[in-house]
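A look at the structure
Given next are the chains, with one letter for each unit.
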Amino acid sequence: MTWKLTESKEWEILEKKFSWVDDMQYVPQDPLHHAEGNVAVHTQMVIDSLLKNADFQCLNEQQKEVLWTSALMHDIEKRSTTLIDAAGRVSSPSHARKGAQTTRKILFRDIDTPFNIREKIVSLVRYHGLPLWLMDKPDPMKSALEASLQLDLSHLKILAKADAKGRTCQDMDALMYALEMFELYTKEIGCWQSAPSFETPNARFTYFNALDSYVDYVPFDRFKSEVIVLSGLPGMGKDYYISKLDKDLPVISLDDIRRQYRIDPTDKKRNGWVVQEAKEMAKKYLRAGQGFVWNATNITALMRKQLIDLFVDYQAYVKLVYIEKPYHIWRMQNKNRAYPLPDMVLDKMLHNLDVPQLTEAHEVHYEVY
């Protein structure tokens, strides 16, 4: 059965059904690049252009729905990022990144969306501008390869073309040229409609995480231990996952340390000490070549990178495991925990959630129920 955001695609109904669609009419855009008007006008033009695209029409129904939803949501956070300077110029810095976070939250909390479909839409929103600006990136190859691990770049080009066509501007020819160069370049580096293949997991990890790395470099594997790093919102079932492991590994749990020293999870000052205490425990295992499980929420890429960099410095092979259950089950499980967190705290953490990507560790697994 095909997943759908909504049965009706009429704009007036979308405005009534979704507050974030209604918000679009109040968000201005720069008259130089978007002379058509506000975000609502632009988004309708983008959708209209998408539906007329010959490549879009060749897709299956589920792929069409994913792209249609991505087009509807691609500028969802221009409402929170739009700035107008003294000269009247309008910009929306980081609207794609924030839009991806909001898209994930909506499709997890408000609309029952399968994980794989949700994350494709999130990635399309996150990278919707990449085909137009790829060659302006500090490392175009790495940017393109990273995106290709998350989505089909031919689908991304369809969305980006609709985004470009769905506006009134004076540089349309330049935008169309950039799109064609995007296709040619990604075909040349081998990631146009499929993810790149790396010789080993360590080769992929090294390419995306080491400075001055080369895509075809294959490092020698000299791992001394394996570390399992868990990631997931509180109450998702990380402890249960650990109980089902077929390996008898020591567990470093930030929650256990907090309880041992009676530290409130919202106490930011003392939580810094908790993390340092946990890292010292980890270093002892790492020096001894002992594998272990790191049990914490690790909901942002930055949190995970700081840990993974430490573990890799000690020649550990890192397996990153993301755990997720449906929204209503998650909330129920939190309430049934011995130490439930307030709804306000959970809402904030959900908003900040970055689902782990394949670039972050030697292995990335998704335990989604």
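About the thresholds
- Residues numbered from 1 in each chain as written.
- Predicted model: local features only at pLDDT ≥ 70, side-chain atom pairs only at ≥ 80, totals over all residues.
- Heavy atoms only, no water.
- Axes fitted to C-alpha atoms, helices over the stretch in contact; angles between N-to-C directions.
- Helix = DSSP H or I, 4+ residues; strand = E, 2+ residues; numbered from the N terminus.
- Parallel < 35°, antiparallel > 145°, perpendicular 65-115°, else oblique.
- Contact = heavy atoms within 4.5 Å.
- Nonpolar A, V, L, I, M, F, W, Y, C, P; charged D, E, K, R; others polar.
- Buried < 20%, exposed > 50% of the residue type's maximum accessible area, 1.4 Å probe, protein only.
- Pairing = 2+ DSSP bridges.
- Core = buried A, V, L, I, M, F, W, Y, C linked by side-chain atoms within 4.5 Å.
- Expected span 1.5 Å × (residues − 1).
- Salt bridge = Lys/Arg side-chain N within 4 Å of Asp/Glu carboxyl O.
- Polar contact = N/O pair within 3.5 Å; in protein donor to acceptor, adjacent residues only side chain to side chain.
- Phe/Tyr/Trp six-rings, centres within 6.5 Å; stacked < 30°, edge-to-face > 60°.
- Lys NZ or Arg CZ within 6 Å of the ring centre and 35° of its normal.

In the annotation of an unreviewed UniProt entry, the entry for the chain reads AAA family ATPase, and the organism field reads Sphingobacterium faecale.

With that out of the way, let us pick up the packing of helix H11 (residues 153–165) against helix H12 (residues 172–188). Their axes nearest at 10 Å, the elements H11 and H12 cross at an angle of 175°. Judged on the interaxial angle alone, H12 and H11 are roughly antiparallel. Two secondary-structure elements touch here, H11 through Leu 153, Leu 156, Lys 157, Ala 160, Lys 161, Ala 164 and Lys 165 and H12 through Met 172, Leu 175, Met 176, Leu 179, Glu 180, Phe 182, Glu 183 and Thr 186. Residues of the contact of H11 with H12, tallied by class, amount to nine nonpolar, one polar and five charged.

Let us look at helix H10 (residues 140–148). Here H10 lies mainly inside the structure; seven of its nine residues are buried. The complete set of buried residues in H10 reads Pro 140, Lys 142, Ser 143, Ala 144, Leu 145, Ala 147 and Ser 148. Among the structural elements, helix H9 (130–133), H11, H12 and helix H13 (201–209) are those in contact with the buried residues of H10.

Of the two faces of strand S5 (residues 292–295), the one carrying Phe 292 and Trp 294 and the one carrying Val 293 and Asn 295 are both buried. Across three bridges, the pairing between strand S3 (residues 225–231) and S5 is parallel. Paired with Val 227 across the two strands is Phe 292, which belongs to S5. Where strand S4 (residues 251–253) lies against S5, three bridges are found, and the strand directions are parallel. Note that in S5 the partner of Val 251 across the bridge is Val 293.

Glancing now at unusual backbone geometry. Residues other than glycine seldom take positive phi values, yet Asp 212 does so here, at roughly 55°. Inspection of the secondary structure assignment puts Asp 212 in the loop between H13 and S3. The phi angle at Gln 315 is positive, at roughly 60°, despite the residue not being glycine. With respect to the element layout, Gln 315 can be found in the loop between helix H17 (301–313) and strand S6 (316–324).

Looking now at the nonpolar core. Leu 5, Trp 20 and Leu 72 are the most contacted members of the largest nonpolar core, which totals 52 residues. Element by element, the count of residues in this core is highest for helix H5 (residues 61–73), at six residues. One finds Val 227, Ala 278, Phe 292 and Ala 316 within the second-largest nonpolar core, a separate group that totals 23 residues.

Helix length check: helix H7 (residues 95–109), at 15 residues, gives a terminal C-alpha distance of 21 Å against a target of 21 Å (1.5 Å per residue), a fit within 8%. Counting buried positions along H7 yields twelve of 15 residues, so the element is predominantly enclosed. Among all positions in H7, only His 95, Ala 96, Gly 99, Ala 100, Gln 101, Thr 102, Thr 103, Arg 104, Lys 105, Ile 106, Leu 107 and Phe 108 are buried.

Time to look at the side chain of His 42. Tracing the backbone through its elements, the reader meets His 42 in helix H3 (residues 39–52). By relative accessible area, which is 0% here, His 42 ends up buried. Not counting residues within four places of it along the chain, the set of residues in contact with His 42 comprises Gln 29, His 34, Glu 36, His 74, Asp 75, Asp 163, Gly 166 and Arg 167.

Further remarks concern the pattern of salt bridges. For the coordinates displayed, the defined rule picks out 26 salt bridges. The residue Glu 65 makes a salt bridge to Lys 9 at a minimum N-O spacing of 3.3 Å. Residue Glu 65 is located in helix H5, and its partner Lys 9 is located in the segment before helix H1 (11–17); the two are separated by 56 residues in the primary sequence. The closest approach of N and O atoms between Asp 163 and Arg 167, which form a salt bridge, is 3.4 Å. The exposure class assigned to Asp 163 is buried, which follows from its relative accessible area of 5%. Residue class for Arg 167 comes out buried when judged on its relative accessible area of 13%. Each of Asp 255, Asp 256, Arg 258, Arg 259 and Arg 337 takes part in salt bridges that share partners, so that together they form one network.

The subject of this paragraph is the environment of Asp 75. Of note, Asp 75 is situated in the loop between H5 and helix H6 (78–81). Taking the C-alpha atoms as reference points, Asp 75 and Ala 100, separated by 25 residues in sequence, lie 9.5 Å from one another. Residues in contact with Asp 75, not counting those within four places in the same chain, are Gln 29, Val 39, His 42, His 95 and His 128. Side-chain polar atoms of Asp 75 contact the side chain of His 95, separated by 3.1 Å.

With that out of the way, let us pick up the packing of aromatic side chains. In the structure shown here, the tally under the stated rule is 15 aromatic pairs. Here the aromatic rings of Phe 18 and Trp 20 are separated by 4.9 Å at their centres, their planes lie at 25°, and the arrangement is stacked. On the basis of relative accessible area, Phe 18 is assigned to the buried category, the value being 7%. Judged by its relative accessible area of 5%, Trp 20 is buried. Relative to Trp 273, the ring of Tyr 261 lies with its centre 4.9 Å away and its plane at 80°, an arrangement referred to as edge-to-face. Note that Tyr 261 is positioned in the loop between helix H15 (254–260) and helix H16 (268–287) and Trp 273 in helix H16, a separation of twelve residues in sequence. What makes Tyr 261 partly exposed here is its relative accessible area of 36%. On the basis of relative accessible area, Trp 273 is assigned to the partly exposed category, the value being 36%. One aromatic cluster is present, built from ring pairs that chain together Tyr 285, Phe 292, Trp 294 and Phe 311. Across the ring face of Tyr 369, the terminal group of Lys 325 is positioned such that the distance to the ring centre comes to 5.5 Å.

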